[in-house]
Amino acid sequence: MISKSAEGRLSEKSMSQIKSHPDSDEQPEDDGNYELPPLIILTVQRYEGETCEGQFHGQGVAYFEGGHVYKGMFSKGLMDGFGIFTRGGGLKYEGEFVRNIPMGQGTYTWPDGSTYKGEVYNGIRHGTGTYKCTQNSLFYSGQWHQGKRHGKGTAYYNEEKTSWYKGDWVRNNREGCGLRCYPSGNIYSGEWKNNQRHGEGTMRWLNLGQKYVGAWQDGVQHGQGTHVWNLRRKDGSQYSRSNRYTGEFAQGQRHGWGTFYYAGGAIYEGEWKNNKKHGQGKFTLSDGRAFEGHFVDDQMITPNLRAHAPLGAFPLSHSNSSLLGPDMALNIDCLLDIIPERKRDTERKQVEFVVLRQERELRSICSFYSRLGYARSPENTLQLSRLQFWRLLKDCNIHHRGITLTQIDRLIREDVDPAEIHSPFTPVLLRKLVSYLVIVAYHIHSKDMVSPKYLLAACFSKLMTDDILPNAKNVKGFLFRQPDVGVVAMNYMKRCWEVFQLFCTAIRDEQTMTCHHLLWMFKDLHLLDHKLTTRRLLEIINAESHDPDNLSASVDLEITFLEFFEVLLGCAEVTCEQVSETLKEDHRVSGSNTETRKDSPEVETGISSAQDGSQWDVKTETNEIPEPAEYTNNPGGEIMCRPAENNTKDGKLELKMKTVDEFFNHFFFPASDYYQLIALDKMQQKPNHAVRTTCS
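Residues numbered from 1 in each chain as written. Predicted model: local features only at pLDDT ≥ 70, side-chain atom pairs only at ≥ 80, totals over all residues. Heavy atoms only, no water.

## Some words on the overall build of the protein chain
To keep it simple, the criterion reads: Think of it this way: any DSSP run of H or I at least four residues long counts as a helix, any run of E at least two long counts as a strand, and we number them from the N terminus. Any residue under 20% of the maximum accessible area for its type is buried, any over 50% is exposed, and the rest in between are partly exposed; the area is computed with a 1.4 Å probe on protein chains only. Throughout, a residue-residue contact means that at least one pair of heavy atoms, one from each residue, lies within 4.5 Å. Surface accessibility follows the Shrake-Rupley procedure with a 1.4 Å probe radius. Residue values consider only the protein chains on display as shielding.
Counting its regular elements, the protein chain contains 15 helices and 32 strands. The 696 residues of the protein chain split such that 49% are buried. Sequence separation of 24 or more characterises 43% of the internal contacts of the protein chain that already satisfy a separation of 6 or more. Carbon and sulfur atoms make up 49% of the accessible area of the protein chain, which amounts to about 33200 Å² in all.

Shown next as structure tokens:
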């Protein structure tokens, strides 16, 4: 212990001080706020350690008023050398001191565990150092100046280190050139000012498939730039084409003069306002036809429309002329009737204008779906059917919009016989497909539109942007998802359609079925057992519903033949599970391959019985089972079919195809035939007894 007089001399002579200046790590977007304490004067209460000539000198411990403690080296009464200073509030500095001031290499530790380790000058962070904040996972390593991040440095903003910035800093702000990776994976590389993207830079939105290169101001696109949108499907694959805009931006929006290159090949060049075509502009179609005029709120004002047609094209002679060719001529009179008569021609023109912008994609989608269920079509002569149209709607999740496929059938029924409204065989020409989509767009999106200038055009544009383009060609369901299985299953379509009609109920002169009727059908045919339970059947029915876990929600909903057929295929996987295992074992032992199914007018497949070794003869209803095929997209977006390659994947596909054969030939059709036989017998015995009969 030292005398009181010695303690007094220390206080009067050296005025032991820890000089600290405000040093904020506060960063508006991501940081915590940790400030080192301000300048203070400390009075020693007690000292334990070495002295020299009445002064603290050498190793010692000093206790100050306010609970502060220093343990370390002293020189001539001052803290000098390596030491540890702990403030009464818990903040600790461990490192080098020069004449009572933290100076050199050191480590600050805050009460919550946050730390700074690196160079210190006059008690503040200055030089190169690393800061870790426990409250928000901020980690910074780089240069400091007067307590601020300043110079070159790297900051991580989360524990996973998926959010980070590497580049220039100015007084705790991102400023200069730097690379920023956001938690979503999006990346910006370019100039910064005051923590915001400012100057020239490139932003990549990886999940959205978008990229912008150009000028920024206060964090948004502003000035000259190019924005690219890659069209993606939900399975992650990507079209070979993309939308691209090159021109002026203002406050993050297309504003001024610019050119938009559409994925379908069309081009708009002209004025923009708030992300919309507004002012003078020229729209050139992919076939070379050009329309020049005045645009307002993204729509061309038809009275000012002027057409420039290339050689061989037909120019517009008057405002009532259709912009579309005969194969895409719209039949939307049912919608135009709700539009005031004086606006109908303009409304139709605006819808046609949207169709023109999407013409290439619409043709590609129509061609793609018309090939589903077929092994090959080298002449490209297949025609879209209602069955394939239903599949398109389901792939695009239209049934999640509060409308069923049967309701859509009624909306687009036109003047057809009631018996044909829900027929899967009804052809859907390209012009009908486009008209149907316009009608569907109005019924699912019109209620969400807030005073659009052209209602039908706005609805159709939203349908294409939000529903069709992001989802089309990503085939789902049990029927077409695996092309080989779909080819085989289509052999049983006609017979299944007859069974579907058998169990339909007459409603409004139509033959329809609900999920409830479907459940009773399985019960009547005695197809439910310990494997295919009622709950498992409901799970298959709800596989593509908006809420698949709510099994009771869809019981009373009407279903189309596509949904009926796909439920059967889903049940085939469950019912024939044991058969599938037997086939798998046979496949391993015999080394058989799919080539044995080819070039045979009637296919017979021997399936060993696990009980007695007997064989079943499985036959299809057609004269030939087409060879396995795979759907592929060529660069033009068209679907192509090619024989499947001979690999291990083919073995699994062959087993699935045999499972389909087995289910229909040995479970479903025999049960249906027996049911009809019993029903006929009852009718003969009791003429007045009411039974369900085949619907014509």
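## Describing the nonpolar core
Quick note on the threshold: Nine residue types can take part in a nonpolar core, namely buried Ala, Val, Leu, Ile, Met, Phe, Trp, Tyr and Cys, and a core is a set of them joined through side-chain atoms within 4.5 Å.
Ranked by internal contacts, the top residues of the largest apolar core, which has 152 residues, are Phe-564, Phe-664 and Phe-668. Sorting elements by how many residues they give to this core places helix H7 (residues 430–445) first, with 11 residues. Non-local contacts of Phe-564, meaning those with residues more than four positions away in its chain, are made with Cys-496, Val-499, Phe-500, Met-513, Leu-518, Met-521, Ile-559 and Phe-668.

## Re the packing of aromatic side chains
Aromatic ring pairs are reported here in terms of the distance separating the ring centres and the angle at which the planes meet. Defined as follows: Side-chain rings of Phe, Tyr and Trp (the six-membered ring for Trp) are treated as a pair once their centres are within 6.5 Å; stacked means planes under 30 degrees apart, edge-to-face means over 60, and tilted covers the remaining angles. Throughout this description, the term charge over a ring refers to an Arg CZ or Lys NZ atom that lies within 6 Å of the ring centre and within 35 degrees of the ring normal.
With the rule as written, the count across this model stands at 51 aromatic pairs. Ring geometry for Tyr-140 and Trp-169: centres 5.3 Å apart, planes at 80°, overall edge-to-face. Placement of Tyr-140 in strand E11 (residues 139–145) and of Trp-169 in strand E13 (residues 164–170) is noted, with a sequence separation of 29 residues between them. Both residues of the pair, Tyr-140 and Trp-169, belong to the buried class. Between Tyr-245 and Phe-260, the ring centres sit 6.5 Å apart and the planes meet at 45°, which makes this aromatic pair tilted. Of the two residues, Tyr-245 is situated in strand E19 (residues 238–250) and Phe-260 in strand E20 (residues 253–261); the sequence distance between them amounts to 15 residues. Lying across the ring of Tyr-63, Arg-46 places its NZ or CZ 4.0 Å from the centre. For the cation-ring pair, Arg-495 lies above Phe-669, with the distance from its terminal atom to the ring centre recorded as 4.4 Å.

## Quick notes on the pairing of strand E3 (residues 44–52)
Defined as follows: Paired strands are those between which DSSP finds at least two bridges.
Bridge count between E3 and strand E4 (residues 55–64): seven bridges; the pairing is antiparallel. Across the sheet, the residue bridging to Cys-52 is Gln-55, located in E4. In sequence, E3 turns back onto E4 through a hairpin of two residues, with Glu-53 there showing a positive phi of about 55°.

## Notes on the packing of helix H11 (residues 515–524) against helix H13 (residues 561–575)
Defined as follows: Between N-to-C directions, angles span 0 to 180 degrees; the directions come from axes that are lines fitted to C-alpha atoms, helices contributing only their stretch in contact. Each angle is binned into one of four classes, with values under 35 degrees roughly parallel, values over 145 roughly antiparallel, values of 65 to 115 roughly perpendicular, and all other values oblique. For a crossing to be left-handed, the near helix must be turned anticlockwise from the far one by less than a right angle; the clockwise case is right-handed.
The contact between H11 and H13 brings their axes to 12 Å, and the two run at 45°. With respect to each other, H11 and H13 are oriented oblique. The element H11 and its partner H13 pack so that their crossing is right-handed. Contact residues: H11 offers Leu-518, Met-521 and Phe-522, while H13 offers Phe-564, Val-567, Leu-568 and Cys-571.

## Some remarks on the pattern of salt bridges
Applied cut-off: Salt bridge, as used here: a side-chain nitrogen of Lys or Arg that lies within 4 Å of a carboxyl oxygen of Asp or Glu.
Per the counting criterion, the structure on display carries 17 salt bridges. The shortest N-O distance in the salt bridge between Asp-327 and Arg-363 comes to 2.7 Å. Of this pair, Asp-327 sits in the loop between strand E25 (306–308) and helix H2 (333–336) while Arg-363 sits in helix H4 (residues 359–370); the two residues are 36 residues apart in sequence, bridging distant segments of the chain. Classification of Asp-327 by relative accessible area gives partly exposed; the value is 33%. You can call Arg-363 partly exposed: its relative accessible area is 31%. When salt bridges that share partners are traced, they join Arg-391, Asp-395, Glu-544 and Glu-566 into one network.

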